[in-house]
Amino acid sequence: QVQLVESGGGLVQPGGSLRLSCAVSGVTFSTCVMSWYRQAPGKEREMVAADIIGGRTNYADSVKGRFTISRDNAKNTVYLQMNSLKPDDTALYYCKAFGQRMIDSKIVSAWGQGTQVTVSS
């Protein structure tokens with residue numbers, strides 16, 4: 001069974017910071033591509049940041065220079081450090097894993113349940 005559990009969301013003022021965490025189990029974490037997505041009300045889900053094996057990262061233009069994705073393979077956890085937050089960053093943030101499921105070695109794509117980030121004064 002693959003599980004992704006996000007945490008760290010909340011209410012923050014514009015200009016503030018939050019760090020999201022996503023604890024992952026059931027996949028070979030060290031070889032997974034880990035990503036963060038977000039979905040605001042009435043909008044499509046969009047990719048925010050991706051950590052690609054080998055130290056490569058990819059960011060949406062709207063968050064470049066403000067958000068940083070990182071991972072701790074020893075803890076099977078991926079993080080999203082969000083700085084200089086704006087009201088437009090308000091959304092439900094999801095963690096996604098793409099990689100090998102441990103139980104049967106199949107390649108799978110799995111999502112967490114999401115954590116709400118609200119940026120407001």
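Quick caveat, the model's predicted, so the values are computed rather than measured.

Draft legend 1. Expanded view of the sheet that holds strand 8 (residues 77–82). Pairing in this open sheet of 4 strands is antiparallel, and the strands run 1-3-8-7 from one edge to the other. Both outer strands of the open sheet, strand 1 (3–7) and strand 7 (67–72), are each paired with one neighbouring strand and no more. The mean angle between the axes of side-by-side strands here comes to 15 degrees, regardless of whether they run parallel or antiparallel. As paired elements, strand 1 and strand 3 (residues 18–25) share 5 bridges and run antiparallel to each other. Directly across from Glu6, in strand 3, lies its bridge partner Cys22.

Draft legend 2. Inspection of the side chain of Lys96 at higher detail. Mapped onto the elements, Lys96 comes out in strand 9 (residues 91–100). Put simply, Lys96 is tucked away with no salt bridge, and the nearest opposite charge, on Glu6, sits 12 Å away. Setting aside its immediate chain neighbours within four residues, Lys96 contacts Leu4, Val33, Met34, Ser35, Tyr37, Ser109, Ala110 and Trp111.

Draft legend 3. Inspection of the packing of aromatic side chains at higher detail. Per the counting criterion, the structure on display carries 2 aromatic pairs. Each ring, one from Tyr37 and one from Trp111, has its centre 4.9 Å from the other, and the planes form 65 degrees; the classification is edge-to-face. In this pair, Tyr37 is assigned in strand 4 (residues 33–39) and Trp111 in strand 10 (residues 107–111), connecting sequence segments 74 residues apart. Here Trp111 falls in the partly exposed class, since its relative accessible area comes to 35%. Judged by centre distance (6.3 Å) and plane angle (85 degrees), the ring pair of Tyr94 and Trp111 falls under edge-to-face. Pair noted here: Tyr94 is in strand 9 and Trp111 is in strand 10, with a separation of 17 residues, a long-range link. Judged by its relative accessible area of 11%, Tyr94 is buried. Each residue in the set Tyr37, Tyr94 and Trp111 is aromatic and connected to the rest through ring pairs, giving one cluster.

Calculation rules
Residues numbered from 1 in each chain as written. Predicted model: local features only at pLDDT ≥ 70, side-chain atom pairs only at ≥ 80, totals over all residues. Heavy atoms only, no water. Pairing = 2+ DSSP bridges. Helix = DSSP H or I, 4+ residues; strand = E, 2+ residues; numbered from the N terminus. Axes fitted to C-alpha atoms, helices over the stretch in contact; angles between N-to-C directions. Buried < 20%, exposed > 50% of the residue type's maximum accessible area, 1.4 Å probe, protein only. Lys, Arg positive; Asp, Glu negative; His and termini not counted. Salt bridge = Lys/Arg side-chain N within 4 Å of Asp/Glu carboxyl O. Contact = heavy atoms within 4.5 Å. Phe/Tyr/Trp six-rings, centres within 6.5 Å; stacked < 30°, edge-to-face > 60°.

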